[in-house]
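Structural description and commentary
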Amino acid sequence: VEERFGFNRSTPGVFIADLLKNAALLAVIGGPMIALALWIMESAGSLWWLYVWAAWMAFTLIMFWAYPAIIAPLFNKFTPLDDESLKQRIQSLMDKCGFRSKGIFVMDGSRRSGHGNAYFTGFGSNKRIVFFDTLLESLEPDEIEAVLAHELGHFRLKHIQKRLLSTMALCFCALALLGWLAGQAWFFTGLGISQPSSWMTLMLFMMVLPVFTFILQPLLSMLSRKHEFEADAYAVRQSSGQDLVNALVKMYRENASTLTPDPLYSAWHDSHPPAPVRIDHIYGNMNA
């Protein structure tokens, strides 16, 4: 589908290299983490799930910190923004918003896709702003500033921390459930397993977990859309709401996004509000 509409720019070489890199990361990072979880399950007694949760949260925080500087550069090239005029505007906005980062970078997103985006990643001393090169090509400086103001809104309103805490809470509940299921014979016999083991417990739980996450998806999507509305409102206060609308219209057009998705499907799955609803909220904040 991406190829048909002209978005896919990935070559066979890039595709295969990505597969190999992902497999290597899974082996180097995921393998030891799974081995640690299995060891804890075997040796930590009835509260093993609590120790697994603590280990997983520590791992998540480390990866969140390391991703910008160590993992992301394995897949994409990140170069410092060299447009001095735009850099000054961005730095002025970041100073106004109280945001300090390790730099402003341009990512070669066009190497794989024609879609444009912008985000900030990392935490602590390892925060950085990232623009897709495709985004910089399609937006005017005023519009880029408005998009950045939206991303900074996520930072100032602590959305990243809130999402991280919600993820920690969900993982806690999921592992507590796993700890209980591991002691229930029907959990294994119902799935055709006659010889329970730690690795089988973990594998079966990963197989049935999507059933529970599917039910929770509308709540997670609602929280995400709420954060998007709040970040838009923040951007209106810090920059130009009209420039943000103009940028969104260009991005929706360039990305061939659906403007009127099915309301039920959107409420269940979409992390961002539909375009008309989002733009209407922006104009409402401008007139407030």
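Check the entry above for the structure.
A brief report on the enclosed structure follows. (Residues numbered from 1 in each chain as written. Predicted model: local features only at pLDDT ≥ 70, side-chain atom pairs only at ≥ 80, totals over all residues. Heavy atoms only, no water.)

What about the nonpolar core?
For clarity, the cut-off: The criterion is simple. A nonpolar core is a set of buried Ala, Val, Leu, Ile, Met, Phe, Trp, Tyr and Cys residues joined through side-chain atoms within 4.5 Å. Buried means the residue's accessible area, taken with a 1.4 Å probe over protein chains only, is under 20% of the maximum for its type, while exposed means over 50%, and partly exposed covers the values in between. A run of H or I in DSSP becomes a helix once it reaches four residues, and a run of E becomes a strand once it reaches two; helices and strands are each numbered from the N terminus. Should any heavy atoms of two residues lie within 4.5 Å, those residues are considered in contact.
I90, M94, I129, F131, L135, L148 and L152 are the most contacted members of the largest nonpolar core, which totals 40 residues. Taken together, the elements giving at least two residues each to this core come down to α3 (84-97), β2 (104-107), β3 (118-121), β4 (128-132), α5 (141-156), α8 (198-238), α9 (241-254) and α11 (275-287). The element that contributes the greatest number of residues to this core is α5, accounting for seven residues. Not counting residues within four places of it along the chain, the set of residues in contact with L135 comprises G116, N117, A118, V147 and M251.

Observations regarding the packing of helix α2 (residues 48-71) against helix α6 (residues 159-181)
Angle between the axes and distance between the axes: these two values describe a pair of packed helices. Keep this limit in mind: In this description, a line fitted to the C-alpha atoms serves as the axis of each element, helices being fitted only across the stretch in contact, and the angle between N-to-C directions of two axes falls anywhere from 0 to 180 degrees. Just so you know how the angles are binned, under 35 degrees is roughly parallel, over 145 roughly antiparallel, 65 to 115 roughly perpendicular, and the rest oblique. In this scheme, a crossing is called left-handed if the near helix is turned counterclockwise away from the far one by less than a right angle; it is called right-handed if the turn is clockwise. Basically, the charged four are Asp, Glu, Lys and Arg, the nonpolar ten are Ala, Val, Leu, Ile, Met, Phe, Trp, Tyr, Cys and Pro, and anything else, Gly included, counts as polar.
Two elements in contact, α2 and α6, have axes separated by 9 Å at closest approach and are oriented at 150°. When the axes of α2 and α6 are compared, the pair comes out roughly antiparallel. Helix-helix and strand crossings are classified by hand; for α2 and α6 the assignment is right-handed. Contacts from W48, W49, L50, V52, W53, W56, M57, T60, L61 and F64 in α2 reach I160, L164, M168, C171, F172, L175, A176, L178 and G179 in α6. In terms of residue class, the contact of α2 with α6 is built from 17 nonpolar, two polar and no charged.

Side note on the sheet that holds β3
Paired through their backbone hydrogen bonds, the strands of a sheet run either parallel or antiparallel. Under the convention used in this document: Two strands qualify as a pair provided DSSP detects at least 2 bridges between them.
Strand order in the open sheet formed by four strands is β1-β2-β4-β3, with mixed pairing between adjacent strands. Two strands bound the open sheet, and with one partner strand each, they are β1 (78-80) and β3. Looking at each pair of strands side by side, their axes are set apart by 30° on average, direction ignored. Packed on one face of the sheet, α3 meets β2 and β4 and runs near 125° to β2.

Brief notes about the packing of aromatic side chains
The following threshold applies: Centres within 6.5 Å make a pair out of two Phe, Tyr or Trp rings, where for Trp the six-membered ring is used; the pair is then stacked when the planes are under 30 degrees apart, edge-to-face when over 60, and tilted otherwise. Criterion for a charge above a ring: Arg CZ or Lys NZ at most 6 Å from the ring centre, at most 35 degrees from the ring normal.
Enumeration according to the criterion identifies five aromatic pairs in this entry. Between W53 and F172, the aromatic rings sit 5.3 Å apart at their centres with planes inclined by 85°, giving edge-to-face as the arrangement. Taken as a pair, W53 in helix α2 and F172 in helix α6 lie far apart in primary sequence, 119 residues in all. Among the residues examined, F172 registers a relative accessible area of 32% and is labelled partly exposed. Connected via pairs of aromatic rings, a cluster forms that spans W49, W53 and F172. It is K21 that lies over the ring of F75; its NZ or CZ is 5.7 Å from the centre.

Brief notes about the pairing of β2
Across the two faces of β2 the burial is the same, with I104 and V106 and F105 and M107 all buried. Two strands pair when backbone bridges link them, and β1 and β2 are joined in this way by three bridges, in the antiparallel orientation. Residue pairing in the sheet places T79 in a bridge with V106 of β2. Strand direction decides the pairing type here: β2 and β4, joined by four bridges, are parallel. Bridge pairing links I104 to I129 in β4.

Side note on the pairing of β4
Counting buried residues along β4, five of its five residues qualify, which places the element largely inside the surrounding structure. Of the two faces of β4, both are covered, the one formed by R128, V130 and F132 as well as the one formed by I129 and F131. As paired strands, β3 and β4 are joined by four bridges and run antiparallel to one another. Opposite T121, over in β4, you have R128 as the bridge partner.

Some details on the pattern of salt bridges
Formally: Salt bridges are defined as contacts in which a side-chain nitrogen from Lys or Arg sits within 4 Å of a carboxyl oxygen from Asp or Glu.
Following the criterion strictly, the structure yields nine salt bridges and no others. Across the pair R112 and D18 runs a salt bridge whose closest N-O atoms are separated by 2.8 Å. Remark: D18 occurs in helix α1 (residues 12-43) and R112 occurs in the loop between β2 and β3; sequence separation between them is 94 residues. Bridged by salt links that share partners, the residues R163, E228, D232 and R278 form one connected network.

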